[in-house]
Amino acid sequence: MMQFDPRTVARDIPGVFDEIFPQLTPGIVAHFNSSADALKVSPISMEALSQSMLQRAMLFELANVVAESLIRGVVDFDWPASIEEAIQRQRAYFDAKAPEQLTAHDQSLAERVARNLAESVTAIGHASGHAIAIRPKIPGLEWIASGSGDFSCGRTLIEVKCTAKRFSSADYRQVAIYWLLSYAASIEGHGTEWQDFVLLNPRHGTKVAMSFEEFLSVVSSGRTKVDILQLFQSLVGSRSSH
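For clarity, every value in this text was computed on a predicted model and none was experimentally measured. (Residues numbered from 1 in each chain as written. Predicted model: local features only at pLDDT ≥ 70, side-chain atom pairs only at ≥ 80, totals over all residues. Heavy atoms only, no water.)

Take the packing of helix H5 (residues 56-71) against helix H7 (residues 104-128) next. With their axes 7 Å apart at the nearest point, H5 and H7 run at an angle of 50 degrees to one another. Between H5 and H7, the crossing angle belongs to the class labelled oblique. Taken as a pair, H5 and H7 cross one another with a handedness that is right-handed. Packed against H5, whose contacting residues are Leu59, Phe60, Leu62, Ala63, Asn64, Val66, Ala67, Leu70 and Ile71, the element H7 presents Asp106, Leu109, Ala110, Val113, Ala114, Arg115, Leu117, Ala118, Val121 and Thr122 at the interface. By residue class, the composition of the contact of H5 with H7 is 15 nonpolar, 2 polar and 2 charged. (Axes fitted to C-alpha atoms, helices over the stretch in contact; angles between N-to-C directions. Helix = DSSP H or I, 4+ residues; strand = E, 2+ residues; numbered from the N terminus. Parallel < 35°, antiparallel > 145°, perpendicular 65-115°, else oblique. Left-handed = near helix turned anticlockwise from the far one by under 90°. Contact = heavy atoms within 4.5 Å. Nonpolar A, V, L, I, M, F, W, Y, C, P; charged D, E, K, R; others polar.)

Structure representation (structure tokens):
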């Protein structure tokens, strides 16, 4: 049976969520986004981005890798190794190609985004009193493969989005499926349920932080967590039978 990464399910198979979370509409997404807080970082201008020769996805994947190094306390970055790691991660979703070169501007830009990200994630960790976990495991279910999140601290999931726009429906679907998979694993006794999530954009310096309880109360049409999980499992099971 072909398996799909949870991120791919959230972005490319939205119909699964139309039935589970019928109220995750553009209006509700705009409502969630209206609660965004500004981060104490230096936003990246479009002018600076336009001077980069790297594809946007590759630039921000590279920034993620470098941010992980910063969080681990690394001072001197291994840029060739970081680029190779970014390429490998991108290839999990599409046919990523290695950049012909990494200019001084590209390197500076990736490092700026990385520092914005590392400082923001570290601040969240300090405020929560928990250590930062890098690439926390996301459990699988049936034809949904296990995967990795971006960061977490305690039972708070932290997902990073480096776009020019505000957070999208797909971004909220992604954290929703991560919660669903964690809840299923916790019920089965081999995982811990996420309690909260943070959507973080180090490119223009915003975040949305919310408990899953609050999120579900808005988007689940009054269903309990058990009802949501049972519906999800029935939809997943019905697809696996086709």
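Back to the write-up after that little detour.
As a further point, take the packing of aromatic side chains. This model, assessed by the stated rule, comprises 11 aromatic pairs. On the numbers, 6.4 Å between centres and 80 degrees between planes, the contact of Tyr172 with Phe197 is edge-to-face. Separated by 25 residues along the polypeptide, Tyr172 in helix H8 (residues 169-187) and Phe197 in strand E7 (residues 196-201) bring together distant segments of the chain. On the basis of relative accessibility, which here comes to 1%, the residue Phe197 falls in the buried class. One aromatic cluster is present, built from ring pairs that chain together Phe21, Phe32, Tyr172, Trp179, Tyr183, Phe197, Phe212 and Phe215. (Phe/Tyr/Trp six-rings, centres within 6.5 Å; stacked < 30°, edge-to-face > 60°. Buried < 20%, exposed > 50% of the residue type's maximum accessible area, 1.4 Å probe, protein only.)

Our focus in this paragraph is the packing of H8 against helix H9 (residues 212-219). Put simply, H8 and H9 touch, their axes get as near as 12 Å, and they point 115 degrees apart. Comparing their axes, H9 and H8 come out roughly perpendicular. In the packing of H8 onto H9, the handedness of the crossing is left-handed. Along its contact with H8, which presents Tyr172, Val175, Ala176 and Trp179, the element H9 presents Phe212, Phe215 and Leu216.

On the secondary structure map, Arg89 appears in helix H6 (residues 79-90). Those residues within four positions of Arg89 in sequence are excluded, and the remaining contacts are Glu61, Val65, Glu68 and Arg135.

Right, let's talk about the environment of Val16 for a bit. Secondary-structure assignment places Val16 in helix H2 (residues 15-20). For the pair Val16 and Arg173, spaced 157 residues apart in sequence, the C-alpha separation works out to 9.9 Å.

The 6 strands lie next to each other as E1-E8-E7-E6-E5-E2, forming an open sheet whose pairing is mixed. Strand pairing shows two members of the sheet lacking a second neighbour, strand E1 (37-38) and strand E2 (132-134), which therefore form its edges. Here E2 pairs with strand E5 (residues 151-153) via 3 bridges, running antiparallel. Bridge assignment links Ile132 to a residue of E5, and that residue is Cys153. Most of the contacts of H5 go to E2, to which it runs at about 140 degrees, and overall it touches E2, E5 and strand E6 (156-160). (Pairing = 2+ DSSP bridges.)

Across the 5 residues of E6, 5 count as buried, placing the element largely inside the fold. Residues Thr156, Ile158 and Val160 line one face of E6 and the alternating positions Leu157 and Glu159 line the opposite face, and both faces are buried. Pairing analysis gives 3 bridges linking E5 to E6, with the strands arranged antiparallel. Within the sheet, the bridge partner assigned to Phe151 lies in E6 and is Ile158. Hairpin connection from E5 to E6: 2 residues lie between these consecutive antiparallel strands, with Gly154 at a positive phi of about 60 degrees. As judged from the 5 bridges shared by E6 and E7, these two strands associate in the parallel manner. Directly across from Val160, in E7, lies its bridge partner Leu200. In this fold, the crossover linking E6 to E7 by way of H8 has right-handed handedness. (Right-handed = clockwise from strand over helix to strand, strands pointing away.)

These figures capture arrangement, not role.
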